[in-house]
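Report on the structure
So you can see what is in the structure, the chains are spelled out below.
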Amino acid sequence: MNEEEKQELPSTGAESASETVVNWEEKAEGYRNDYLRALADTDNLRKRHEKQVEDARNYAVDRFARELLPVIDSLELALASPVEGAESIAQLRQGLENTLTLFAQALGKAGIAPIEMGEGRFDPHLHQAIAMVETEGDANRVLAVHQKGYLMHDRLLRPSMVSVSKTPKAAE
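To keep things clear, this report deals only with the structure shown in the data block. (Residues numbered from 1 in each chain as written. Predicted model: local features only at pLDDT ≥ 70, side-chain atom pairs only at ≥ 80, totals over all residues. Heavy atoms only, no water.)

Within the protein chain one finds four helices and six strands. For the protein chain, contacts bridging at least 24 residues in sequence account for 59% of all contacts bridging at least 6. Total accessible area computed for the protein chain in this model is approximately 14,000 Å², and 55% of it derives from carbon and sulfur atoms. (Helix = DSSP H or I, 4+ residues; strand = E, 2+ residues; numbered from the N terminus. Contact = heavy atoms within 4.5 Å. Areas by Shrake-Rupley, 256 points an atom, 1.4 Å probe, with all protein chains shown as cover.)

Shown next as structure tokens:
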């Protein structure tokens, strides 16, 4: 066949199939590139999230620590001052009371508060009984607080260590 005859023949299915395959290959390459970009974006997002979580974990107490620095300064000042005589002891006591107030304020800003006794009833969610004392009157009353308990917002940090009343045993 000469060139003229080849040009006159209609295009065969093989040529059109070849063009279709090339077109599909281009589309597949485009989809592959889109997939790789989405994969890279997802990986970058994961790494950014991990960094944010790590920063939050490492620096979560930053504000709280800044609130405690004046307490440390006050205690260091108290330790550096000489104690001689009754007047110095009274000043030291006043300084310690002021430091305790500073510390309680710092804890309060962080959402940490002592457990209030309220009615004086034993609450197993807030108190830990370390002694039971036989007394007249209602049972399960808090008689003494040996160590304060604390809440952080609504979560228990440490229960109050308390002595609780119990009814006396009947005399036999």
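Turning our eyes to something else, we now look at the packing of aromatic side chains. Aromatic ring pairs are reported here in terms of the distance separating the ring centres and the angle at which the planes meet. Taken as a whole and assessed by the stated rule, the structure comprises zero aromatic pairs. Lying across the ring of W24, K27 places its NZ or CZ 5.2 Å from the centre. (Phe/Tyr/Trp six-rings, centres within 6.5 Å; stacked < 30°, edge-to-face > 60°. Lys NZ or Arg CZ within 6 Å of the ring centre and 35° of its normal.)

Its 25 residues give helix 4 (residues 85–109) an end-to-end C-alpha distance of 36 Å, which sits within 8% of 36 Å, the value for a rise of 1.5 Å per residue. Among the residues of helix 4, S88, T99, A106 and L107 are the ones counted as buried. In the core, the buried residues of helix 4 are packed alongside helix 3 (62–80) and strand 1 (112–114). Looking one or two residues beyond helix 4, the residue adopting positive phi is G111, at roughly 85°. (Expected span 1.5 Å × (residues − 1). Buried < 20%, exposed > 50% of the residue type's maximum accessible area, 1.4 Å probe, protein only.)

Now for the layout of surface pockets. The space that makes up the largest pocket amounts to roughly 210 Å³. Looking at the largest pocket, the residues that line it are A60, V61, R63, F64, E67, A106, K109, A110, I112, M152 and H153. Every element with two or more residues in the lining of the largest pocket is listed here: helix 3 and helix 4. When residues of the lining of the largest pocket are assigned to their parent elements, the largest contribution, three residues, is made by helix 3. Looking at the lining of the largest pocket residue by residue, the classes come out as seven nonpolar, one polar and three charged. Looking at the second largest pocket, the residues that line it are L100, F103, A104, L107, G108, I112, A113, P114, K148 and Y150. (1 Å grid on protein atoms, 1.4 Å probe; cavity = no way out; pocket = protein on both sides within 12 Å on 5 of 7 lines; lining within 4 Å. Points joined across faces, edges and corners; volume = space filled by probe spheres on them. Nonpolar A, V, L, I, M, F, W, Y, C, P; charged D, E, K, R; others polar.)

With respect to burial, strand 6 (residues 160–166) is a largely interior element, six of its seven residues being buried. Looking at chain direction, strand 2 (residues 127–134) and strand 6 are connected through seven bridges and run parallel. The residue bridging H127 from the neighbouring strand is S160, located in strand 6. (Pairing = 2+ DSSP bridges.)

Before going further, it helps to examine helix 3. Helix length check: helix 3 (19 residues) gives 27 Å between terminal C-alpha atoms against 27 Å at 1.5 Å per residue, within 8%. Along helix 3, the sharpest change in direction is near 25° and occurs at L68; proline P70 comes one to four residues later. Buried residues of helix 3: L68, V71 and A78, and no others. On the buried face of helix 3, the contacting elements are helix 4. (Bend = angle between axes of the 7 residues up to and from the residue.)

Keep in mind these values describe shape, not function.
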